[in-house]
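Listed below are the residues making up each chain.
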Amino acid sequence: MATLVAFHAHPDDEAVLTGGTLARAAAEGHRVVVVTATDGRVHNDDVERLAELRSSADALGVHRLECLGYADSGFGAQFYPDPPGRVRFARADTEEAAQRLAAILREEAADLLLSYQANGGYGHRDHVQVHQVGKRAAELAATPRVLEATMPRELLARISAAARLLRLPAPYGRDVVRTAYAPGSSITHRINVFRYARQKRDAFAAHRSQIGTSGAAARLFAVLMRCPPQVAGLIFGREWFVDPTLPPGRVYRDIFE
């Protein structure tokens, strides 16, 4: 059996990008560790999100959960100053943060690190920093393999177009989608997580503070949570990764391949 460490920017990223993969790995007997860079709070008075993260991790079967404790840097043009007593992750010293993550990788004797691509998926400054810190930490800890969580850009474009047609909130704007994540031809690992869609859905549901209680996003969330397992499997049944050391072409079906 192997040990994998999934490094994420914020609470809820673990569910959205890798929830099914983590649940599958845990069910297959592997040790699963989740590390988040931030506690998800943009302002010190924000709702506590670590409790939601713990509930999500329990739903996925995670064995160990750690948070490096940086502040969320926020998304958009405005980059807020550091809150009192904390540093926003995008401003953190890369080497220092990498040393902290590397210590966990060494302690766990990690066989695989899940991280992000250089573009941070959709350009979020914290996600870009995850790539930089994760890459350096793997070097420091001599972690044998790194997979970068992603999504097919073409699929996101279709989802966004369908959402606009149905007058639902699109996950990303048109300008973002054009360069988001990765073209399908570059993806090296496509993981079937159909059997673990319920766990992924439950993990996503744990982060209710990010959905709100009214509006189109809340209505869409309510519909997704009522989906039967078969429908949930169709929606949440695939996850994707890129191994930057492999040439594109062959697609693997297991993260440990």
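Data block above holds the structure.
Computed from a predicted structure; not experimentally measured. (Residues numbered from 1 in each chain as written. Predicted model: local features only at pLDDT ≥ 70, side-chain atom pairs only at ≥ 80, totals over all residues. Heavy atoms only, no water.)

**Concerning the packing of aromatic side chains**
Per the stated rule, a full pass over the model turns up four aromatic pairs. For the pair F7 and F89, a centre-to-centre distance of 6.4 Å together with 90° between the ring planes defines the contact as edge-to-face. Separated by 82 residues along the polypeptide, F7 in strand β1 (residues 3–8) and F89 in the loop between β3 (64–70) and α3 (94–108) bring together distant segments of the chain. Ring plane angle 45° and centroid distance 5.3 Å describe the contact between Y70 and F89, whose orientation is recorded as tilted. Of this pair, Y70 sits in strand β3 while F89 sits in the loop between β3 and α3, placing them 19 residues apart in sequence. According to the relative accessible area criterion, Y70 is buried, its value standing at 8%. Among the aromatic residues, those joined into a cluster by ring pairs are F7, Y70 and F89. Note that R91 overlies the ring of F79, its terminal NZ or CZ placed 3.8 Å from the centroid. Its guanidinium or amino end placed over the ring of F79, R125 lies 4.4 Å from that ring's centre, counting from NZ or CZ. (Phe/Tyr/Trp six-rings, centres within 6.5 Å; stacked < 30°, edge-to-face > 60°. Helix = DSSP H or I, 4+ residues; strand = E, 2+ residues; numbered from the N terminus. Buried < 20%, exposed > 50% of the residue type's maximum accessible area, 1.4 Å probe, protein only. Lys NZ or Arg CZ within 6 Å of the ring centre and 35° of its normal.)

**Observations concerning the layout of surface pockets**
What the second largest pocket holds in volume is close to 220 Å³. Surrounding the second largest pocket, 15 residues form its lining, K135, A138, V146, P244 and T245 being those nearest its centre. Elements with a contribution of two residues or more to the lining of the second largest pocket: β4 (112–116), α5 (125–141) and β5 (145–150). Considering each element in turn, the lining of the second largest pocket owes the most residues, five residues, to α5. Looking at the lining of the second largest pocket residue by residue, the classes come out as five nonpolar, five polar and five charged. (1 Å grid on protein atoms, 1.4 Å probe; cavity = no way out; pocket = protein on both sides within 12 Å on 5 of 7 lines; lining within 4 Å. Points joined across faces, edges and corners; volume = space filled by probe spheres on them. Nonpolar A, V, L, I, M, F, W, Y, C, P; charged D, E, K, R; others polar.)

**A look at the packing of helix α1 (residues 13–27) against helix α2 (residues 50–60)**
Packing of α1 against α2 brings their axes to within 8 Å, and their N-to-C directions diverge by 35°. Only L53, S56 and L60 of α2 make contact with α1, whose side of the interface consists of E14, A15, G19, L22, A23 and A26. (Axes fitted to C-alpha atoms, helices over the stretch in contact; angles between N-to-C directions. Contact = heavy atoms within 4.5 Å.)

**Concerning the pairing of strand β6 (residues 189–192)**
Going residue by residue along β6, you find H189 and I191 tucked away on one face and R190 and N192 left uncovered on the opposite face. With four bridges joining them, β6 and strand β7 (residues 238–242) adopt antiparallel strand pairing. Among the inter-strand pairings, N192 is bridged to a residue of β7, identified as R238. (Pairing = 2+ DSSP bridges.)

**Things to note about empty space enclosed by the protein**
This model, assessed by the stated rule, comprises one cavity of 30 Å³ or more. There is about 50 Å³ of room inside the largest cavity. Surrounding the largest cavity, T21, R24, A25, E28, I191, D254, I255 and F256 form its lining. Looking at the lining of the largest cavity, its residues break down into four nonpolar, one polar and three charged.

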